Amino acid sequence: MNINNKNLIIKIERAISELRRGGKLVISDITKGTSLILVAAELIEPETIHEMSQLSLSRPNIVLSSNRSEAIGIKTHKKPCSIMIKKHWSISDILSLCMPLYGKEKPTMDGVVLENEDSISSYCLLILRQARLLPAGLVAITSNIPIENINEWAFKNNLLHIDVVDIKLYETVNADSLTMSVKAKVPIAQTDNCEIIIFRPKDGGDEHFCLIFGKTRDVLNSKDHNHIPLTRVHSQCITGDILDSLKCDCGQQLKEAIKMMSVADEGVLIYLAQEGRDIGLLNKLRAYSLQEKGMDTVDANIALGFNDDERLYYPAKQILKKINIKSIKLITNNPKKVEHLSNLGVNIYERVSIKVDPNKHNEKYLETKSKKSGHFL
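In this text, all values refer to a predicted model and were calculated from it rather than measured experimentally.

Peer 1: Mind showing me how you'd approach the packing of aromatic side chains here?
Peer 2: By convention here, two paired aromatic rings are described through the distance between centres and the angle between planes. Enumeration over the complete set of coordinates arrives at one aromatic pair. The ring of Tyr288 is capped by Lys247, whose NZ or CZ atom sits 4.7 Å from the centre of that ring.

Peer 1: How should I be thinking about the layout of surface pockets in this particular structure?
Peer 2: One water molecule sets the probe size; rolling that probe over the atoms shows where empty space is left. Of the volumes computed, that of the largest pocket is approximately 890 Å³. In terms of lining, the largest pocket is formed by 26 residues, of which the most central are Ser122, Leu126, Arg129, Asn307 and Glu310. For the lining of the largest pocket, the secondary-structure elements that each account for two or more residues are helix H3 (66–71), helix H5 (120–130) and helix H7 (164–176). Per-element accounting of the lining of the largest pocket gives the leading share, five residues, to H5. Classifying every residue of the lining of the largest pocket gives 10 nonpolar, eight polar and eight charged. A volume near 680 Å³ is recorded for the second largest pocket. Lining of the second largest pocket is provided by 32 residues; of these, Gln130, Arg132, Asp206, Ala273 and Asp278 occupy positions nearest its centre.

Peer 1: How do you make sense of the nonpolar core when you look at a structure like this?
Peer 2: Soluble globular proteins: nonpolar side chains tend toward being buried together. In this structure, Ile62, Leu64, Ile83, Ile94, Leu138 and Trp153 are the most contacted members of the largest nonpolar core, which totals 36 residues. Here this core gets four residues from one element, more than from any other, and that element is helix H4 (residues 91–98). Counting residues in each nonpolar core, the second largest holds 26 residues, with Ala15, Ile16, Leu125 and Ala131 among its members.

Peer 1: I keep staring at the pattern of salt bridges and nothing clicks. Help me out?
Peer 2: Pairing is possible between side chains of opposite charge, provided their charged atoms come close. Following the criterion strictly, the structure yields 21 salt bridges and no others. Across the pair Glu42 and Arg286 runs a salt bridge whose closest N-O atoms are separated by 2.9 Å. Placement of the pair is Glu42 in the loop between strand E2 (34–40) and helix H2 (48–56) and Arg286 in helix H12 (residues 281–292), with a sequence separation of 244 residues. In this structure, the salt-bridge partner of Lys75 is Glu70, at a minimum N-O distance of 4.0 Å. With a relative accessible area of 32%, Glu70 lands in the partly exposed category. Shared partners join several salt bridges into a network, and the residues in it are Arg129, Arg132, Glu171, Asp278 and Glu310.

Peer 1: Hey, could you run me through the packing of H5 against H7 in this one?
Peer 2: Here H5 crosses H7 at 40°, and the two axes come no closer than 10 Å. One finds that H5 runs oblique with respect to H7. Along this stretch, H5 crosses H7, giving a crossing that reads as left-handed. Between H5 and H7, the residues in contact are Ile120, Tyr123, Leu126, Ile127, Arg129 and Gln130 and Val164, Ile167, Lys168, Tyr170 and Glu171, respectively.

Peer 1: Would you mind showing me how to read the sheet that holds strand E4 (residues 81–84) here?
Peer 2: Within a beta sheet, neighbouring strands are joined by backbone hydrogen bonds and run either parallel or antiparallel to one another. Within the open sheet, the seven strands sit side by side as E5-E4-E3-E6-E2-E1-E7. Their pairing is mixed. Looking at strand neighbours, the two that pair on one side only are strand E5 (112–114) and strand E7 (160–163), the edges of this open sheet. Taken over all neighbouring pairs, the strand axes of this sheet differ in orientation by 30° on average, direction set aside. Relative to E7, strand E1 (residues 25–29) runs parallel, the two sharing four bridges. The partner of Ser28 across the bridge, within E7, is Asp163. Across the face of the sheet, H4 comes into contact with strand E3 (61–64), E4 and strand E6 (136–141) while running at roughly 20° to E3. Against the sheet, H5 contacts E1, E2, E3, E4, E6 and E7, and its axis sits at roughly 35° relative to E2.

Peer 1: When you look at the sheet that holds strand E8 (residues 179–185) in this model, what are you seeing that I'm missing?
Peer 2: Spatially, seven strands are ordered E8-E9-E10-E12-E11-E13-E14 in an open sheet, and the strand pairing comes out mixed. Looking at which strands have only one partner, the edges of the open sheet turn out to be E8 and strand E14 (347–352). Here the strands of the sheet are splayed against their neighbours by 25° on average, with no regard to which way each runs. In the sheet, strand E13 (residues 327–331) pairs with E14 via five bridges, with the strands oriented parallel. Directly across from Lys329, in E14, lies its bridge partner Glu350. Strands E8, strand E9 (194–200), strand E10 (208–214), strand E11 (230–235), strand E12 (266–272) and E13 of the sheet are contacted by helix H14 (residues 314–322), whose axis makes an angle of about 140° with E12. In this fold helix H15 (residues 335–343) packs onto E11, E13 and E14, with an angle of close to 170° to the strand it touches most, E14.

Criteria and thresholds
- Residues numbered from 1 in each chain as written.
- Predicted model: local features only at pLDDT ≥ 70, side-chain atom pairs only at ≥ 80, totals over all residues.
- Heavy atoms only, no water.
- Phe/Tyr/Trp six-rings, centres within 6.5 Å; stacked < 30°, edge-to-face > 60°.
- Lys NZ or Arg CZ within 6 Å of the ring centre and 35° of its normal.
- 1 Å grid on protein atoms, 1.4 Å probe; cavity = no way out; pocket = protein on both sides within 12 Å on 5 of 7 lines; lining within 4 Å.
- Points joined across faces, edges and corners; volume = space filled by probe spheres on them.
- Helix = DSSP H or I, 4+ residues; strand = E, 2+ residues; numbered from the N terminus.
- Nonpolar A, V, L, I, M, F, W, Y, C, P; charged D, E, K, R; others polar.
- Core = buried A, V, L, I, M, F, W, Y, C linked by side-chain atoms within 4.5 Å.
- Buried < 20%, exposed > 50% of the residue type's maximum accessible area, 1.4 Å probe, protein only.
- Salt bridge = Lys/Arg side-chain N within 4 Å of Asp/Glu carboxyl O.
- Axes fitted to C-alpha atoms, helices over the stretch in contact; angles between N-to-C directions.
- Parallel < 35°, antiparallel > 145°, perpendicular 65-115°, else oblique.
- Left-handed = near helix turned anticlockwise from the far one by under 90°.
- Contact = heavy atoms within 4.5 Å.
- Pairing = 2+ DSSP bridges.

Following this line, the structure appears as structure tokens:
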């Protein structure tokens, strides 16, 4: 990894940490000569707006994803939007626009502006998603600071400063930095011919791992490009995989895939640290709470401002590359997963269906996956 990419990863990880603790971040678009201050909306404090106004000499706005905008009645044509914050609004008024708050009436909105998909506001929403925070932020334009002085100004005010290019490149560069950190044989209930490999990004962030079954283990050494193993790309689901939650079918699919690979004496299980279709455990449980009030899983994600599936598969591509797998038989019922992996250059020789038995708690969930997300069930 070159020094520029390493610095980019470190910079974004620090920015993510700052956002997650409720701190302020300075984001610039050097090509457009624009800078602003960003704070995660869900973490605002009583003094946040005043502090942002004092620093930027401008009134903060709310920036929302297109999904959250649509959920509160703003027609955006799939574009994010900015909303002017009125002086008499309380924190609960602001939060009611940024996230579902039952029993709280939304304030009357004026000054709604649609943002372009490549606007600096869009990149604010992207880094919020990368931080596993709600895609809703408070932003204040730093029009009082010339763009060529913004880095020095941020440093003097003890603020982290990043550019939209850093945000745009982060996910691919971070996936490229994955290294095979350790490999060990791990006998499991279904087979003792299995080993685990841990992959760690250079920034020390979330680790992914894969299980290698049976004769596929030999591929690591022989580099047999003709071997096309059964492969499951599985995203972390703590509630399903560990707690055996009946609300979803994730744990069942994981166990069934392991059984299929054990019986075949071959396979690769890639386990990605992408909880809740990559919205994080906290937001997944927020979605569960909305489902208890009558929403389905897709509508709940959209009400929070997310897409129904936020997962990216760059890490899976890199893991397959590092273990010398050129083609796979992908175990999935999700056509979008096939499409995403194929678009990244992963050669999918065959899609292999996986069947699990529904229960009274996940029947609606499975029906929604089929009708709204296109899963083959």
